[in-house]
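Residue-level listing of the chains:
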Amino acid sequence: MALRFEVLGRFNRARAAQLTLPHFACQTPLFMPVGTQGTIKGLTTDQLEEIGCQIILGNTYHLALRPTSELIDELGGLHKFMNWPRALLTDSGGFQMVSLLHLADITEKGVTFQSPVDGKPMLLTPEESIQIQNRIGADIIMALDDVVRTTITGPRIEEAMYRTLRWVDRCIAAHKRPHEQNLFGIVQGGLDPVLRDICVRGLVDRNLPGYAIGGLAGGEDKDSFWRVVAQCTAALPEDKPRYVMGVGYPLDIVVCSALGADMYDCVYPTRTARFGTALVPEGVLKLKHNAMVNDTRPIDPTCACMVCKNYTRAYIHCLVTKDAMGSQLLSYHNLYYMLQLSRNLHSSIVEGRFVCDFLQKMFPKGDVPEWVCNAMDVAGIDISSCCSS
Amino acid sequence: MKFAVKALSSGKARAGVVHLGSCPSPIETPCLLLSTRKGLPIFISPDLLSSLPSPDSNLLQFSPLHFSEGPSPKTISSIGGLHQMVGLHEYGFAAVARDSIQCLPECGSTNKTGASFETPCGRRLIKPVEYMEMITSMKPNLWATLADEVPAWANNKRNKTSVDRTVKWLDECIARSP
């Protein structure tokens, strides 16, 4: 184990904690920007430090293809390669394999696929995934899991869940750097509470440094989504970090934090920035709209970021979708927004007002979605002051 | 603005110093103006720009035509000018109608009323009065007047016409000088 997790404050199930990793001491709940190819598109590592980024996620699949994990290892690891002094997390490569490669085939051995470089058949095994991640050198590495979308039903989900447990043992055995890198297991099981329960128990038995809740954020309905998160957070150990993979929208992060999750990652803030959309307390602001042409207000008057302090909506409007600077400035703002949301969650969890403030700004008419109300019920947080019904 | 020649070589070269109101330090010449797109260097946001050597990197060149699709001169004025709009208060801006990449003079379409340019938004004819409206709203430290630019291979007649027009527009621009 190469981490320390200390809960500093609570509100019912929500926790504010310190997660101390080899490269950085982080505060949770936290959001991790996705730096697919060893970089966050549109931002330098200096800027990421400036806005308070604590952990960046790197994609094993993309890095193994270019520039290869061997080269990264030779050059001293991904931290040095991308000049990022704080924490890094790599995923196993499994998700991209399944989502990007149409001809991927999953067997007990691993994931066979066609190399996108030369079309040759290739095999990603649990052992290979861990070896690649050992070379990349991130503070947290993920076990290779058998990921199945929650929109699928049938015996495949059960097969994937049991296989995930068998593969985690192979990952543990293959892991050569347990004192420098923390291997997280990933809970699978689709939307079936029985399967999820078996998977949680199996992973907890392995006594891993941390646990992720996988297989979500893939198109399932919100009501199913929060119930899986609620079940898993209730069953996972109190004293270890919980990471909901692929989440997501600010509202989803607030709900999951209320239910007891600590870590999140998503491409949404940066990707939506490249399409001209800014994240604001009221929801989103589409800078491409003609309404923005002469609007001399900042994107968000309550935001303290470099973009909101210096630029008007009118100026950003003239840049978006036409000039790279538009994507850069919006990505900067959107990430600042997500990181500020994380900081607010951490500091206000003890006060217990964090959910209401957020919901009141996003739903000023009180039309909070039913799934959010249901989730807050289970989380034991009273949001009646924000709901009209 | 103040400019002084500090030293001369045995030939024609000179070393000088430029003082601009918005720049905190004087800038030595010869100096390189950073080219910009809509007021900002192409991939360098202001917080990164400050990591370049200063004051040598404090002079930027821009083309008012980059804003032909907005924001309007009225909006730019209400924001307070170009420096304010792009968040570069301690930098100097030099305005030239053309840049060397995307706003290129189209001398075949220029006529007695205005200069024509090929821009990413299509071909635009700019009259001196429109140009000066942009200059007045943007408030650059330095600006070139609107000229009828022709390539070196233009024939004598076209060349003469370009000089006559340029001088005429020079007077019109000066008359509307902010």
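No experiment lies behind these values; they were computed from the predicted model shown. (Residues numbered from 1 in each chain as written. Chains lettered and ligands numbered in written order. Predicted model: local features only at pLDDT ≥ 70, side-chain atom pairs only at ≥ 80, totals over all residues. Heavy atoms only, no water.)

Asks: Hey, could you run me through the overall build of chain A in this one?
Replies: Counting its regular elements, chain A contains 16 helices and 16 strands. Across the 389 residues that make up chain A, the buried fraction comes to 59%. The long-range share in chain A, meaning contacts at least 24 apart out of those at least 6 apart in sequence, stands at 66%. With 37 positive and 41 negative side-chain charges, chain A shows a spacing of 3 Å between the two charge centroids. (Helix = DSSP H or I, 4+ residues; strand = E, 2+ residues; numbered from the N terminus. Buried < 20%, exposed > 50% of the residue type's maximum accessible area, 1.4 Å probe, protein only. Contact = heavy atoms within 4.5 Å. Lys, Arg positive; Asp, Glu negative; His and termini not counted. Charge placed at Lys NZ, Arg CZ, Asp CG, Glu CD.)

Asks: Honestly, the nonpolar core in this entry has me stumped. Any pointers?
Replies: In globular proteins that are soluble, nonpolar side chains generally tend to be buried together. Residues and elements named next belong to chain A. Counting residues in hydrophobic clusters, the biggest one holds 137 residues, and the most contacted among them are Ile299, Leu359 and Ile383. For this core, the leading source of residues is helix 14 (residues 324–348), giving eleven residues. The residues touching Ile299, leaving out its near neighbours within four places in the chain, are Ala278, Val280, Leu285, Leu287, Val307, Cys308, Tyr311, Arg313, Ile316, Leu330 and His333. Counting residues in each nonpolar core, the second largest holds 21 residues, with Leu19, Phe184, Tyr243 and Met245 among its members. (Core = buried A, V, L, I, M, F, W, Y, C linked by side-chain atoms within 4.5 Å.)

Asks: Would you take a moment to explain the sheet that holds strand 9 (residues 122–126) of chain B for this structure?
Replies: What links the strands of a sheet is backbone hydrogen bonding, and the strands pair in either a parallel or an antiparallel sense. All names here are of chain B. Read from one edge to the other, the open sheet built from three strands follows the order 7-8-9, with strand pairing classed as antiparallel. A strand with exactly one partner marks an edge of an open sheet, and here the two such strands are strand 7 (104–105) and strand 9. Sheet topology places strand 7 next to strand 8 (residues 115–119); two bridges connect them, and they run antiparallel. If you follow Pro105 over to strand 8, its bridge partner there is Phe117. (Pairing = 2+ DSSP bridges.)

Asks: I'm lost on unusual backbone geometry in this one. Help?
Replies: Cis rather than trans, the peptide bond between Thr28 of chain A and Pro29 of chain A has omega equal to 5°. By the secondary structure assignment, Pro29 of chain A is in the loop between strand 3 (25–28) and strand 4 (30–32). Cis geometry is adopted by the peptide bond preceding Pro30 of chain B, which originates at Thr29 of chain B and carries an omega value of 0°. Looking at the element boundaries, Pro30 of chain B is found in the loop between strand 3 (27–29) and strand 4 (34–35).

Asks: Even after reading the chapter, I still don't get the side chain of Thr60 of chain A, so can you show me in this structure?
Replies: Residues and elements named next belong to chain A. Residue placement: Thr60 occurs in helix 2 (residues 60–65). Residue class for Thr60 comes out buried when judged on its relative accessible area of 2%. Among residues more than four places away in sequence, those in contact with Thr60 are Thr90, Asp91, Ser92, Gly93, Ile132, Gln133 and Ile136.

Asks: Explanation requested: the side chain of His175 of chain A in the structure shown.
Replies: All names here are of chain A. Following the sequence through the fold, His175 ends up in the loop between helix 7 (155–174) and strand 11 (182–187). Residue classification places His175 among the buried residues on the basis of a relative accessible area of 11%. Only 3.1 Å separates the side chain of His175 from the side chain of Asn134, close enough to count as a polar contact. In this structure, His175 is in contact with Ile130, Asn134, Ile141, Gln181 and Leu183, ignoring residues within four places of it in sequence. (Polar contact = N/O pair within 3.5 Å; in protein donor to acceptor, adjacent residues only side chain to side chain.)

Asks: Sorry if this is basic, but what is going on with the packing of helix 10 (residues 250–258) of chain A against helix 14 of chain A here?
Replies: Residue and element names in this part refer to chain A. At a minimum axis distance of 11 Å, the contact between helix 10 and helix 14 shows a crossing angle of 20°. The angle between helix 10 and helix 14 falls in the class roughly parallel. Of the two possible hands of crossing, helix 10 and helix 14 adopt the one that is right-handed. Of the residues in helix 14, those touching helix 10 at Pro250, Ile253, Val254 and Ser257 are Tyr337, Met338, Leu341 and Leu345. Classifying every residue of the contact of helix 10 with helix 14 gives seven nonpolar, one polar and no charged. (Axes fitted to C-alpha atoms, helices over the stretch in contact; angles between N-to-C directions. Parallel < 35°, antiparallel > 145°, perpendicular 65-115°, else oblique. Left-handed = near helix turned anticlockwise from the far one by under 90°. Nonpolar A, V, L, I, M, F, W, Y, C, P; charged D, E, K, R; others polar.)

Asks: Which parts of the structure should I look at to understand helix 7 of chain A?
Replies: Three- or four-residue spacings in an α-helix give side chains the same orientation, since the helix completes a turn every 3.6 residues. Residues and elements named next belong to chain A. Along its 20 residues, helix 7 runs 29 Å from first to last C-alpha, staying within 8% of the 28 Å computed at 1.5 Å per residue. Along helix 7, the residues classified as buried are Ile157, Ala160, Met161, Arg163, Thr164, Leu165, Trp167, Val168, Cys171 and Ala174. Buried residues along helix 7 sit against strand 7 (105–106), strand 8 (111–114), helix 6 (126–136), strand 11 and helix 8 (193–205). (Expected span 1.5 Å × (residues − 1).)

Asks: Can you help me understand the pattern of salt bridges in this one?
Replies: Two side chains of opposite charge can pair, provided their charged atoms sit close to one another. What the rule picks out here adds up to 28 salt bridges over all chains. Between Asp262 of chain A and Arg15 of chain A there is a salt bridge, with the nearest N and O atoms lying 2.8 Å from each other. Of the two residues, Asp262 of chain A sits in the loop between helix 10 and strand 14 (263–265) while Arg15 of chain A sits in strand 2 (residues 14–20), which places them 247 residues apart along the sequence. The same class applies to Asp262 of chain A as to Arg15 of chain A, namely buried. For the salt bridge of Asp148 of chain B with Arg158 of chain B, the shortest nitrogen-to-oxygen distance reads 2.8 Å. Pair noted here: Asp148 of chain B is in the loop between strand 10 (142–143) and helix 5 (156–175) and Arg158 of chain B is in helix 5, with a separation of ten residues, a long-range link. Salt bridges sharing partners connect three or more residues here, namely Glu108, Asp146, Arg156, Glu159, Arg163 and Arg166 of chain A. (Salt bridge = Lys/Arg side-chain N within 4 Å of Asp/Glu carboxyl O.)

Asks: Whenever I open this one, the pairing of strand 5 (residues 55–58) of chain A confuses me. Can you help?
Replies: The side chains of a regular strand alternate between the sheet's two faces. Residue and element names in this part refer to chain A. Every second residue of strand 5 is oriented toward a common face, with Ile55 and Leu57 on one face and Ile56 and Gly58 on the other, all of them buried. Direction of pairing for strand 5 relative to strand 6 (residues 87–90): parallel, over a ladder of four bridges. In the sheet register, Gly58 faces strand 6, and the bridge partner there is Thr90.

Asks: For this particular structure, what's the right way to read the packing of aromatic side chains?
Replies: Each aromatic ring pair is summarised here by two numbers: the centre-to-centre distance and the angle between the ring planes. Taken as a whole and assessed by the stated rule, the structure comprises four aromatic pairs over all chains. Taken together, a centroid distance of 5.5 Å and an interplanar angle of 20° make the contact between Tyr311 of chain A and Tyr315 of chain A stacked. Tyr315 of chain A sits in the buried class, given a relative accessible area of 0%. Residues Phe62 of chain B and Phe93 of chain B carry aromatic rings whose centres are separated by 5.8 Å and whose planes lie at 90° to one another, so their mutual orientation is edge-to-face. Residue Phe62 of chain B is found in strand 5 (residues 59–62), and its partner Phe93 of chain B is found in strand 6 (residues 92–95); the two are separated by 31 residues along the sequence. The exposure class assigned to Phe62 of chain B is buried, which follows from its relative accessible area of 0%. Judged by its relative accessible area of 0%, Phe93 of chain B falls in the buried class. The positively charged end of Lys222 of chain A is found above the aromatic ring belonging to Phe225 of chain A, 5.5 Å away from the centroid. When the ring centre of Tyr336 of chain A is taken as reference, the NZ or CZ atom of Arg343 of chain A above it lies at 5.5 Å. (Phe/Tyr/Trp six-rings, centres within 6.5 Å; stacked < 30°, edge-to-face > 60°. Lys NZ or Arg CZ within 6 Å of the ring centre and 35° of its normal.)

Asks: So what exactly am I meant to see when it comes to the pairing of strand 11 of chain A here?
Replies: All names here are of chain A. In terms of residue burial, strand 11 counts as a mostly covered element, since six of its six residues are buried. Burial along strand 11 is two-sided: Asn182, Phe184 and Ile186 facing one way and Leu183, Gly185 and Val187 facing the other are all buried. For strand 11 and strand 12 (residues 210–213), the ladder comprises four bridges, and the chain directions are parallel. For Val187, the partnering residue across the bridge sits in strand 12 and is Ile213.

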